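Fold and geometry: a report
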Amino acid sequence: MDTGVPNAGRRQILKRGALGAASVAAVAVTAGAAVQQRVTSTPATASRTMRLIGRDWHTDTTKLPGKGDQYTVYGALHDPSGDKVGEFFSTNVGVDSPFQITGEGIGAFELHTLTLQGGTIVGVGLGGGTERSYAIVGGTGKYAGARGSYLARQDTYGLGGDGKAELLLTFLE
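Residues numbered from 1 in each chain as written. Predicted model: local features only at pLDDT ≥ 70, side-chain atom pairs only at ≥ 80, totals over all residues. Heavy atoms only, no water.

This brings us to the overall build of the protein. Regarding its fold elements, the protein presents one helix and eight strands. Ordered by position from the N terminus, the helices and strands of the protein form the series α-β-β-β-β-β-β-β-β. Out of the 173 residues in the protein, the part that is buried amounts to 29%. Taking the intrachain contacts of the protein between residues at least 6 apart in sequence as the baseline, contacts between residues at least 24 apart amount to 43%. For the protein, the exposed area adds up to about 10700 Å²; of that, 59% sits on carbon and sulfur atoms. (Helix = DSSP H or I, 4+ residues; strand = E, 2+ residues; numbered from the N terminus. Buried < 20%, exposed > 50% of the residue type's maximum accessible area, 1.4 Å probe, protein only. Contact = heavy atoms within 4.5 Å. Areas by Shrake-Rupley, 256 points an atom, 1.4 Å probe, with all protein chains shown as cover.)

In structure tokens, the structure reads:
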């Protein structure tokens, strides 16, 4: 098949194409390494923690919530020394997900408000059982812009518990 390009010219075009492709690949690898360098050299985020003790933890239901059931949880918040520092409120909706990974049956979508001296903290989470993790999604007052997460251990009156709770908050700074 005659392409109209002499063999020597064709070889030159192929060499240039191969060199061009190798140059593009080298630039891509270098750029990828630079991006990787930036990602891995990000400094660790500083954090601070807060421990709150819940007392008189109540739920307004006496049966394990099912899909679509709405219920609330509320109680007093104390610091570790026992002084009252605020109140806790949550609005919850039962979910029935076939994909639930906790293995503890029906779970709930929960929206928490921790009212403390100087402001509020808002948390959101999903789960089942007495120990769950939540995201800190914001706050007001001295907690404005708060972010982080917390572990909550809750054993409410109404569902056969002892009315105690513990919240271990980690704020990212």
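Next comes the rest of the account.
Side chains of a nonpolar character, in soluble globular proteins, are inclined to be buried together. Among the nonpolar cores identified, the biggest contains 21 residues, and L52, L77, L114, I121, Y150, L167 and L169 are the most heavily contacted of them. Contributing elements (two or more residues each) for this core: β1 (47-59), β2 (70-78), β3 (84-95), β4 (107-116), β6 (131-139), β7 (148-155) and β8 (164-172). With four residues, the single largest contributor to this core is β8. If sequence neighbours within four positions are ignored, I121 has contacts with H112, T113, L114, L116, I136, G138, G139, Y143, L169 and F171. (Core = buried A, V, L, I, M, F, W, Y, C linked by side-chain atoms within 4.5 Å.)

Right, let's get into the sheet that holds β4. What links the strands of a sheet is backbone hydrogen bonding, and the strands pair in either a parallel or an antiparallel sense. Strand order in the closed barrel formed by eight strands is β1-β2-β3-β4-β5-β6-β7-β8, with antiparallel pairing between adjacent strands. The sheet shows a mean angle of 30° between the axes of neighbouring strands, direction not considered. Of the strand pairs in this sheet, β2 and β3 are connected by nine bridges, and their pairing is antiparallel. Pairing of Y74 across the sheet is with F89, part of β3. (Pairing = 2+ DSSP bridges. Axes fitted to C-alpha atoms, helices over the stretch in contact; angles between N-to-C directions.)

Scanning the entire structure with this criterion turns up seven salt bridges. Where R48 meets E173, a salt bridge forms, and the shortest distance between an N and an O atom there is 2.8 Å. With R48 in strand β1 and E173 in the segment after β8, this pair connects stretches of sequence that are 125 residues apart. The partner of E131 in a salt bridge is R153, with the nearest N and O atoms 2.8 Å apart. Remark: R153 occurs in strand β7 and E131 occurs in strand β6; sequence separation between them is 22 residues. (Salt bridge = Lys/Arg side-chain N within 4 Å of Asp/Glu carboxyl O.)

For a regular strand, side chains alternate in direction, first toward one face of the sheet and then toward the other. In this sheet, strand β5 (residues 119-127) lies alongside β4 in antiparallel orientation, the contact comprising nine bridges. Bridging across to β5, L114 finds its partner in I121. Between the antiparallel neighbours β4 and β5 lie two residues, among them G118 with a positive phi of about 95°. Judged from the five bridges that link them, β5 and β6 form a sheet pairing that is antiparallel. If you follow V122 over to β6, its bridge partner there is G138. From the end of β5 to the start of β6, which pair antiparallel, there are three residues, and G129 there has a positive phi angle of about 90°.

With that settled, consider the environment of Q70. Residue placement: Q70 occurs in strand β2. Sequence separation between Q70 and T91 is 21 residues, and the spatial gap between their C-alpha atoms is 7.5 Å. When neighbours within four sequence positions are excluded, Q70 is seen to be in contact with N92 and V93.

Residues V93, F109, L111 and L126 make up a contiguous nonpolar surface patch of roughly 350 Å² in combined accessible area. Secondary-structure assignment places V93 in strand β3. (Patch = residues over 30% accessible without salt bridge, like charges linked within 9 Å, V, L, I, M, F, W, Y side chains within 5 Å.)

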